[in-house]
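# Secondary and tertiary structure notes
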Amino acid sequence: MKNFSLLAFLLLFSSLMSAQDKEWTLEECVNYALENNISVKQAELDVEFSAIDKRDAIGNFIPSINGQATNSWNTGLTQNVTTGILQNQTVRNFSAGLSAGLTLFDGLRNFKELQRARISRLATEYSLDKMKDDIALFVADAYLQVLFNKQNLEVLKAQNEVTQEQIERTRDLVEAGVLPEGDLLEIRATMADEQQKMILAENQIQISLISLAQTLGIKDYQNFDIVERDYNILGSEILDNSVYDVIERAKEERSEIKIAEASKELAEKDVELAKGAYLPTLNAFFNYNTRATGQDQVVDIIPDPDNPTRQIGFVEGTNQAVLSPNTIPVLGSPLPFFDQLSRNDGFSYGVQLNIPVLNGFATRNQVKRNEIGVLRAEYRLEQAELDLEANVYQAFTDAKGAFKAYEAALVAVEAQEKAFEYATERYDVGLTNAFDFSQAKVRFENAQREVLRAKYDYIFKLKVVELYFGIPVRELKF
């Protein structure tokens, strides 16, 4: 038993440690965000709501069936249903009915409602797709920012190691009388500056990780981390296409255009629905009703000894009741309940035609309103196409510019590396001072950071172009 408890504890501890040591990939971050983001969940609820609207539209083709039943008791002076004479009695009334209705023709509005519900469902699905694309792109941007900060820290650490080695060489040169002591102080100042930059870089990593975790909805900031890897630049061949090819592909793939097109179709269906009110409606109906009544019945009659002009009737369920000479006694028991229902039932059925004649121009005005809505939807579609063209053109231009900036940064870092190597050689033999050496080192460091910045800026902007080209973010490869 003790061995089992120890094993369970070790397994639990191991699972907790592995959960804490988990490093998230970009694909995992995107998938997690799409499953847990509140905006995405709200968009998914809109899709479910539109599905309910569609079922409502289908229900318009199904007959409506309703049943009703009433059971009541009346006590006091009431009319005898058999004799028509007022009597003090208790009467139970029961009635039941069943009604059914079916729309045979309503100006084809039921068909239009179903078509509109289907279009509305598609529109909400397009909105959900756009929301997912936006969230995924936002996550990718935050993820790349973390990678940049991590690699920036690695650059600073590598440069700091070089500075530490240079301090040792400078100390030897100072002791040998080759370099003045001021050069050693200059190198140590550079060392302190680099250590401060590393502290700031570590803080930037934590801030960017927290920002990414918040985007994903993860609250355990302390144990959240991503996979550290150097992403290569792949897929740049998409920029070999012309910007107009990307624009045409975006018009086919992007949800913005599909949403605007669906909105236009919805507006057109609203016009058709409004025009349907001009046409007659034809409805079929069927009703079934039945009833049953129960009241006190006189079962025995004897003369009243106190008043010869009256009689005494013994009523079922009571002691007696005084009957006047004009009272017609009801002898025997009432009919059984179900026998009354079968005797008193009845049917009614038929069709009802409604023809609109004049309704204060309400139908005409509604048609006009919806026609204006169509025009507005057409303008929104036109604007969406213009916005998409502008956005694609901007993204395409930015990606190409970012690639050129990245190539320029590679050339610059290569030149600065050679300049730093040359400065190092001259400094080691005392041909240059510590200030000039430090400046060469700073320029090399800045060039390395600029390569990282240009690289991840280009990767992100390239992914934006690929997204317009119809490639989901979760399928993007680095």
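In the annotation of an unreviewed UniProt entry, the chain is listed under the name TolC family protein and assigned to Christiangramia crocea.

## A closer look at the overall build of the chain
Each helix and strand counted, the chain has 10 helices and 7 strands in total. Counting across all 478 residues of the chain, residues that qualify as buried make up 34%. Taking contacts inside the chain between residues at least 6 apart in sequence as the whole, the part at least 24 apart equals 80%. Roughly 28300 Å² of accessible area belongs to the chain as shown, and the carbon and sulfur atoms make up 54% of that amount.

## Overview of the packing of aromatic side chains
Tallying each qualifying case throughout the model produces 9 aromatic pairs. The ring centre of Trp 24 lies 5.1 Å from the NZ or CZ of Lys 22, which sits over that ring. The positively charged end of Arg 249 is found above the aromatic ring belonging to Phe 469, 4.5 Å away from the centroid.

## Topic: the nonpolar core
Ranked by size, the top nonpolar core spans 36 residues in total, and within it Val 139, Leu 212, Leu 216, Phe 224 and Ile 226 carry the most contacts. Of all the secondary structure elements, the ones that give two or more residues to this core are α2 (26–36), α3 (38–59), α4 (109–175), α5 (181–216) and α10 (434–468). Counting residues per element, this core draws most heavily on α4, which supplies 14 residues.

## Description of the pattern of salt bridges
The full count for this structure, using the stated rule, is 21 salt bridges. The partner of Lys 130 in a salt bridge is Asp 134, with the nearest N and O atoms 3.0 Å apart. Remark: Asp 134 and Lys 130 occur in helix α4; sequence separation between them is 4 residues, near one turn of the helix. When its relative accessible area of 34% is taken as the criterion, Asp 134 is described as partly exposed.

## Observations regarding the side chain of Gln 151
Tracing the sequence through the fold places Gln 151 in helix α4. A polar contact is formed between the side chain of Gln 151 and the side chain of Tyr 456, at a distance of 2.5 Å.

## What about the environment of Asp 172?
You can see Asp 172 is positioned in helix α4. A residue is classified by how much of its surface remains accessible, and Asp 172, at 47% relative accessible area, is partly exposed. Along the primary structure Asp 172 and Leu 184 are separated by 12 residues, whereas in three dimensions their C-alpha atoms are 9.7 Å apart.

## Some words on a nonpolar patch on the surface
A cluster of nonpolar side chains, Ile 58, Phe 61, Ile 62, Leu 102, Leu 104, Phe 105, Leu 108, Phe 111, Tyr 278, Leu 279 and Val 351, forms an exposed patch at the surface whose accessible area comes to about 970 Å². With 3 residues, the single largest contributor to the nonpolar patch is strand β2 (residues 86–105). Within the secondary structure, Val 351 is located in strand β7 (residues 346–354).

## Section: the side chain of Ser 255
Position of Ser 255 among the secondary structure elements: in helix α7 (residues 255–276). Filtering out sequence-adjacent residues up to four positions away, Ser 255 remains in contact with Tyr 126, Asp 129 and Lys 130.

## Quick look at α3
Taking 1.5 Å of rise per residue, the 22 residues of α3 would be expected to cover 32 Å, and the 32 Å separating its terminal C-alpha atoms lies within 8% of that figure. Those residues of α3 lying buried are Val 40, Ala 43, Val 47, Ser 50, Ala 51 and Ala 57. Within α3, the buried residues cover an arc of 115° as seen down the axis, which keeps them to one side. Among the exposed residues of α3, those oriented more than 90 degrees off its buried face are Ile 38, Leu 45, Glu 48, Phe 49 and Arg 55. Residues of α3 that are buried sit in contact with α2 and α4.

Basis of the calculations
- Residues numbered from 1 in each chain as written.
- Predicted model: local features only at pLDDT ≥ 70, side-chain atom pairs only at ≥ 80, totals over all residues.
- Heavy atoms only, no water.
- Helix = DSSP H or I, 4+ residues; strand = E, 2+ residues; numbered from the N terminus.
- Buried < 20%, exposed > 50% of the residue type's maximum accessible area, 1.4 Å probe, protein only.
- Contact = heavy atoms within 4.5 Å.
- Areas by Shrake-Rupley, 256 points an atom, 1.4 Å probe, with all protein chains shown as cover.
- Phe/Tyr/Trp six-rings, centres within 6.5 Å; stacked < 30°, edge-to-face > 60°.
- Lys NZ or Arg CZ within 6 Å of the ring centre and 35° of its normal.
- Core = buried A, V, L, I, M, F, W, Y, C linked by side-chain atoms within 4.5 Å.
- Salt bridge = Lys/Arg side-chain N within 4 Å of Asp/Glu carboxyl O.
- Polar contact = N/O pair within 3.5 Å; in protein donor to acceptor, adjacent residues only side chain to side chain.
- Patch = residues over 30% accessible without salt bridge, like charges linked within 9 Å, V, L, I, M, F, W, Y side chains within 5 Å.
- Expected span 1.5 Å × (residues − 1).
- Arc of directions from axis to C-beta.

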